[in-house]
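Here's the letter readout for the chains.
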Amino acid sequence: MIDVVNVRALTKTFGKVRALDGLDLTVRPGEVHGFLGPNGAGKSTTIRILLGLMRAGGGQVELFGADPWRRADRLHGRLAYVAGDVALWPGLTGGQCLDVIGTTYGAVDEKRREQLIERFELDPTKRIRDYSKGNRQKVALVAALSAEVELLVLDEPTSGLDPLMEQAFQQCVRERREAGVTVLLSSHILGEVEALADRVSIVRRGRTVTTGSLSDLRRHTRTAVHAVTGIEPDGLARADGVADCVSERLDGQVDTRFTIDADHLDATIGLLHAARIHTLTVTPPSLDALFLRNYGDTVEPADETLARAAQ
């Protein structure tokens, strides 16, 4: 099957600023693909190029096997897009905006739209000028999720939503994926991506620094282990893959904490078992840890400079 998104060595400059510097991105049919990076990493610029709103400077860009710059009119009927800061017509009601947006998507499932209005607790009779940012976001989400399209492009889609509505959004995305819809999800909420994504691409300064399934990426990040045993595990601190090993005796037991490479976890569990395990907690690396592994604790000033140049 042809990839829904196929980007290779994508470049884009704004004056002297190189916003995209050889970025690669592949989104497979039917998957939710997380697209991660701080402001200035190149996410929104990439999405604009995929939507045919901006011309690539160089490299290869294909959406459903076609050039989005040359075939935007044909491709737009196959996708729906939600931006992080939705601009709507202030004099129209929410329902009227849904009608207008729906005409740009082609087919709309009216029954699903009514269900989404209820699930997102949206009042479609109010005018947009009276909506909060979160309610404007709901209009865009309802319009996109009710459209009969093959691809959802979601760029910070839950901006302004409260936690309850974020949960409703996540369930809706899962339902669309089950229906065979592909989703490209750009979000700064790592927990949201972790809950939804089949695969993840992390970008920095216009380049993809890592991509793969969460399970694959976790194999390259350390797992935290906390064990309480009857005696001190023999040779644990010297075992292959073990780091940051600390043990202390508490109430006649031994409390041990360490981190371990995923490939060596089985062997260390054997050492713990020999020491008579009372309790054992194994915490796989979170998406936050994967992200920080590629970015460190801070975003460098150059990343913010790229963000301003791409506005």
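For clarity, every value in this text was computed on a predicted model and none was experimentally measured. (Residues numbered from 1 in each chain as written. Predicted model: local features only at pLDDT ≥ 70, side-chain atom pairs only at ≥ 80, totals over all residues. Heavy atoms only, no water.)

(A) Just the pairing of strand β2 (residues 17-27), in detail. The pairing of strand β1 (residues 5-14) with β2 spans eight bridges and is classified as antiparallel. Residue pairing in the sheet places Thr13 in a bridge with Arg18 of β2. Between β1 and the antiparallel strand that follows it, β2, lie two residues; Gly15 among them carries a positive phi value of about 65 degrees. (Pairing = 2+ DSSP bridges. Helix = DSSP H or I, 4+ residues; strand = E, 2+ residues; numbered from the N terminus.)

(B) Quick peek at the pattern of salt bridges. For the structure shown, the criterion picks out 14 salt bridges. Residue Glu148 is joined to Arg112 by a salt bridge in which the shortest nitrogen-to-oxygen separation is 3.6 Å. Of this pair, Glu148 sits in the loop between α5 (133-146) and β6 (151-155) while Arg112 sits in helix α4 (residues 110-119); the two residues are 36 residues apart in sequence, bridging distant segments of the chain. According to the relative accessible area criterion, Glu148 is partly exposed, its value standing at 40%. Across the pair Arg222 and Asp261 runs a salt bridge whose closest N-O atoms are separated by 2.8 Å. Here Asp261 lies in the loop between β12 (253-260) and α9 (265-274) and Arg222 lies in the loop between α8 (214-218) and β10 (223-229), a separation of 39 residues in the sequence. The partly exposed category is assigned to Arg222, whose relative accessible area is 31%. The class for Asp261 is partly exposed, based on a relative accessible area of 29%. When salt bridges with common partners are traced through the structure, they connect Arg18, Asp21 and Arg207 into a single cluster. (Salt bridge = Lys/Arg side-chain N within 4 Å of Asp/Glu carboxyl O. Buried < 20%, exposed > 50% of the residue type's maximum accessible area, 1.4 Å probe, protein only.)

(C) Up close: the layout of surface pockets. Space inside the largest pocket adds up to approximately 440 Å³. Going through the elements one at a time, β5 (79-82) and α3 (94-105) are the ones with two or more residues in the lining of the largest pocket. Here the residues of the lining of the largest pocket sort into 15 nonpolar, two polar and one charged. (1 Å grid on protein atoms, 1.4 Å probe; cavity = no way out; pocket = protein on both sides within 12 Å on 5 of 7 lines; lining within 4 Å. Points joined across faces, edges and corners; volume = space filled by probe spheres on them. Nonpolar A, V, L, I, M, F, W, Y, C, P; charged D, E, K, R; others polar.)

(D) Representation of the nonpolar core within the structure. Residues Phe120, Val139, Leu152, Leu154, Phe169 and Val200 are the most contacted members of the largest nonpolar core, which totals 45 residues. Top element by residues in this core is α5. It accounts for seven residues. Not counting residues up to four positions away in its chain, the partners in contact with Leu154 are Val82, Phe169, Val173, Val183, Leu184, Leu185 and Ser186. (Core = buried A, V, L, I, M, F, W, Y, C linked by side-chain atoms within 4.5 Å. Contact = heavy atoms within 4.5 Å.)

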